[in-house]
Amino acid sequence: MGLSLEPTNLDIRHTSGAALEQALIDNVYQGLVTRNGDENNAIVPALSTAWTISPDGLTYTFTLREGVTFHDGSALTADDVVTSLQTTKDDATIQNSADLANVASISSPDASTVVVTLAQPNIDFLFALTGRAGLIFKNGDTTNFQTSANGTGPFRVESRNVGQSVTLARYDGYWGDKAGVAEVVLDYIPDRNAAVNAAVAGDLDVQLEVDPELRGQIDGTNNFTIDSGLTTDKGTLAFNNAKAPLNDQRVREALRLAIDHDALIQTLGSGETLSGPIPPLDPGYEDLTGSISYNPDRARELLAQAGAENLNLTLTIPNVYPGSISTFLVSSFADVGVTLQVKQVDFTAWLQDVYTNKDYDLSFVRHVEARDFGNWANPSYYFGYDNAEVQGLYAQALATTDEQQSSDLLAEAARIVSDDDAADWLFLSTPLTAVSTNVANFPKNSLNVRLPLSAVTVASE
């Protein structure tokens with residue numbers, strides 16, 4: 001398989017980045033539950049076979065699966081589960097530790113049961129367990145997790161060739177159906193031309209995130225089909241809501257009105273329009289297409305009303321994204337009298353300057369995480385968006401035990417965020433995947449953050 005973004009190491013507990021989740025969750029590491037991206041991210045069993053939730057939404061009781069072993073051959077125990085979750089809660093250096101901050105206690109009344117009690121209801125808690133916070137590790141494991149792994153999944157890490165690949169091998173002691181292939185090689189090829197050339201040459205069975213401009217080269221081989229699935233990957237143009245002139249809603253609305261989103265997606269060659277902060281796979285999604293539309297004349301009027309003619313702004317954008325995005329925005333804003341300077345930085349600099357220091361006017365990144373609406377209810381997040389009504393609705397959405405009510409509250413909050421023009425959602429990513437005609441059962445949705453491969457098979461030639 002050809003992928004573009006390589007993880008810096010294999011320590012999924014302490015290293016950020018979607019590349020690690022993509023490679024290791026569901027394949028090497030598992031939690032009590034997981035999510036099925038091809039079934040609208042439905043929560044499904046993994047290391048637990050069943051669970052119950054108390055009527056007050058505070059107590060989660062999990063029945064552990066029997067016959068589970070780690071890749072070193074040792075049996076999974078209830079103590080491993082309790083220790084893993086407690087360690088994640090207590091250690092702030094572990095990725096997504098905050099997802100368990102609301103946990104009051106974790107216990108094991110018997111060898112096949114784990115009980116988690118919350119301090120207050122959180123309807124997203126079970127979903128949080130499908131991510132890094134819920135991964136289960138062997139208690140006292142001495143594995144060097146930077147370079148190796150010891151999970152319970154259908155594959156074990158066979159080897160890692162830094163700068164090139166990670167090889168996964170079928171784990172024959174797996175508790176469930178054995179993986180459909182003996183080996184998976186994740187080839188990291190950041191240059192998209194090189195990746196397409198490798199596919200055309202027959203060196204790859206699957207290529208993820210095919211450059212739309214290069215699609216024709218693969219289509220022409222007749223050896224691949226091109227699929228496009230749903231994601232929660234929101235191409236977000238962030239406005240610094242806490243900084244003038246972006247603290248003026250009229251300026252933010254004007255910038256949104258200056259963008260022809262359909263034309264941008266046509267320029268990029270893939271993607272779908274998204275007019276609000278919640279994508280279709282997440283609870284609370286509502287089609288907000290009619291809430292705003294391309295209208296440069298109205299944009300100019302709003303800028304004049306705000307006294308913001310001849311505005312100069314800077315766009316800070318990581319250099320991993322195509323230059324066509326910046327070029328399109330520069331042209332769009334120039335048409336309404338806004339001069340946009342583009343500041344390309346590496347991702348580390350973006351994390352420091354924008355994410356941490358909030359030193360920016362406009363910024364672009366793809367927010368890939370599912371159910372991340374809470375960012376809009378967090379005034380200290382780099383968006384600088386502070387709306388008490390949104391914060392209240394989000395708190396109510398988490399605290400209710402009624403899924404429909406929670407979804408309705410999220411939708412109401414999302415409408416407010418969009419009406420406030422707190423950001424612009426340039427597109428919803430729908431990346432192209434080239435799959436060899438010899439490959440069957442390849443997953444379709446959310447492949448940039450979750451890539452379950454156990455059901456994949458390859459036909460002999």
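Reading guide: rules and limits
Residues numbered from 1 in each chain as written. Predicted model: local features only at pLDDT ≥ 70, side-chain atom pairs only at ≥ 80, totals over all residues. Heavy atoms only, no water. Axes fitted to C-alpha atoms, helices over the stretch in contact; angles between N-to-C directions. Helix = DSSP H or I, 4+ residues; strand = E, 2+ residues; numbered from the N terminus. Parallel < 35°, antiparallel > 145°, perpendicular 65-115°, else oblique. Left-handed = near helix turned anticlockwise from the far one by under 90°. Contact = heavy atoms within 4.5 Å. Nonpolar A, V, L, I, M, F, W, Y, C, P; charged D, E, K, R; others polar. Patch = residues over 30% accessible without salt bridge, like charges linked within 9 Å, V, L, I, M, F, W, Y side chains within 5 Å. Areas by Shrake-Rupley, 256 points an atom, 1.4 Å probe, with all protein chains shown as cover. Salt bridge = Lys/Arg side-chain N within 4 Å of Asp/Glu carboxyl O. Lys, Arg positive; Asp, Glu negative; His and termini not counted. Charge placed at Lys NZ, Arg CZ, Asp CG, Glu CD. Buried < 20%, exposed > 50% of the residue type's maximum accessible area, 1.4 Å probe, protein only. Pairing = 2+ DSSP bridges. 1 Å grid on protein atoms, 1.4 Å probe; cavity = no way out; pocket = protein on both sides within 12 Å on 5 of 7 lines; lining within 4 Å. Points joined across faces, edges and corners; volume = space filled by probe spheres on them.

Enquirer: What is the right way to look at the packing of helix α11 (residues 388–399) against helix α12 (residues 403–419) in this model?
Expert: The geometry of a pair of packed helices is captured by two quantities: the angle between their axes and the separation between those axes. Between α11 and α12, whose axes approach to 8 Å, the crossing angle comes to 165 degrees. Taken together, α11 and α12 sit at an angle that is classed as roughly antiparallel. In this structure, α11 crosses over α12, and the sense of that crossing is left-handed. Judged by residue contacts, E389, V390, L393, Y394, Q396 and A397 of α11 engage S406, L409, L410, E412, A413, I416 and V417 from α12. Residue composition of the contact of α11 with α12, by class: nine nonpolar, two polar and two charged.

Enquirer: Teacher, can you tell me more about a negative patch on the surface here?
Expert: Together, E389, D402, E403, D408 and E412 line one region of the surface with negative charge. Top element by residues in the negative patch is α12. It accounts for three residues. Its relative accessible area of 63% is what places E403 among the exposed residues.

Enquirer: Can you help me understand the sheet that holds strand β16 (residues 362–367) in this one?
Expert: Strand pairing in a sheet relies on backbone hydrogen bonds. The paired strands run either parallel or antiparallel. The five strands lie next to each other as β15-β14-β16-β13-β17, forming an open sheet whose pairing is mixed. Two strands in the sheet have a free side with no partner beyond their single neighbour: β15 (338–345) and β17 (423–428). Put simply, the sheet's adjacent strands are angled 25 degrees from each other on average, direction ignored. Direction of pairing for strand β14 (residues 311–318) relative to β15: parallel, over a ladder of eight bridges. Paired with P318 across the bridge in β15 is V345. Against the sheet, helix α9 (residues 323–334) engages β13 (234–239), β14, β15, β16 and β17, with an angle of about 165 degrees to β15.

Enquirer: I'm lost on the pairing of strand β2 (residues 33–36) in this one. Help?
Expert: As a general feature of sheets, a regular strand has side chains that alternate between the two faces. Here four bridges tie β2 to strand β3 (residues 42–45), and the two strands are oriented antiparallel to one another. Looking at β3, one finds that V33 is bridged to P45. If you look at the hairpin formed by β2 and β3, you'll find five residues sitting between the two strands, and N40 has a positive phi there, around 55 degrees.

Enquirer: Help me understand the side chain of S326, please; the structure alone is not making it clear to me.
Expert: Tracing the sequence through the fold places S326 in helix α9. Taking the relative accessible area as the measure of exposure, S326 reaches 6% and is therefore buried. When sequence neighbours within four positions are dropped, the list of residues in contact with S326 reads L315, I317 and V342.

Enquirer: Looking at this structure, I do not really get unusual backbone geometry. What am I missing?
Expert: Negative phi values dominate among residues other than glycine, just as trans dominates among peptide bonds. Put simply, A244 and P245 share a cis peptide bond, and its omega is 0 degrees. The residue P245 is located in the loop between β13 and α6 (249–257) in this model. Unlike most non-glycine residues, K358 shows phi in positive territory, near 55 degrees. Considering the arrangement of structural elements, one finds K358 in the loop between α10 (347–356) and β16. The class for K358 is partly exposed, based on a relative accessible area of 32%. Even without being a glycine, D421 presents a positive backbone phi close to 55 degrees. Relative to the helices and strands, D421 resides in the loop between α12 and β17.

Enquirer: What exactly am I supposed to notice about empty space enclosed by the protein here?
Expert: Over the atoms rolls a probe the size of a water molecule, and its path tells where empty space is left. As enumerated under the stated definition, the model contains five cavities of 30 Å³ or more in all. Here the largest cavity is characterised by a volume of approximately 110 Å³. Around the largest cavity, the lining comprises 16 residues; the ones closest to its centre are D124, P283, R371, F373 and L410. Within the residue set of the lining of the largest cavity, elements represented by two or more residues are α11 and α12. Element by element, the count of residues in the lining of the largest cavity is highest for α11, at three residues. Along the lines of polarity and charge, the residues of the lining of the largest cavity split into 10 nonpolar, two polar and four charged. Roughly 70 Å³ of internal volume is contained in the second largest cavity. Forming the walls of the second largest cavity are K234, T236, P277, H367, D372, F373, N375, W376, F383 and W425. For the lining of the second largest cavity, the residue count by class is five nonpolar, three polar and two charged.

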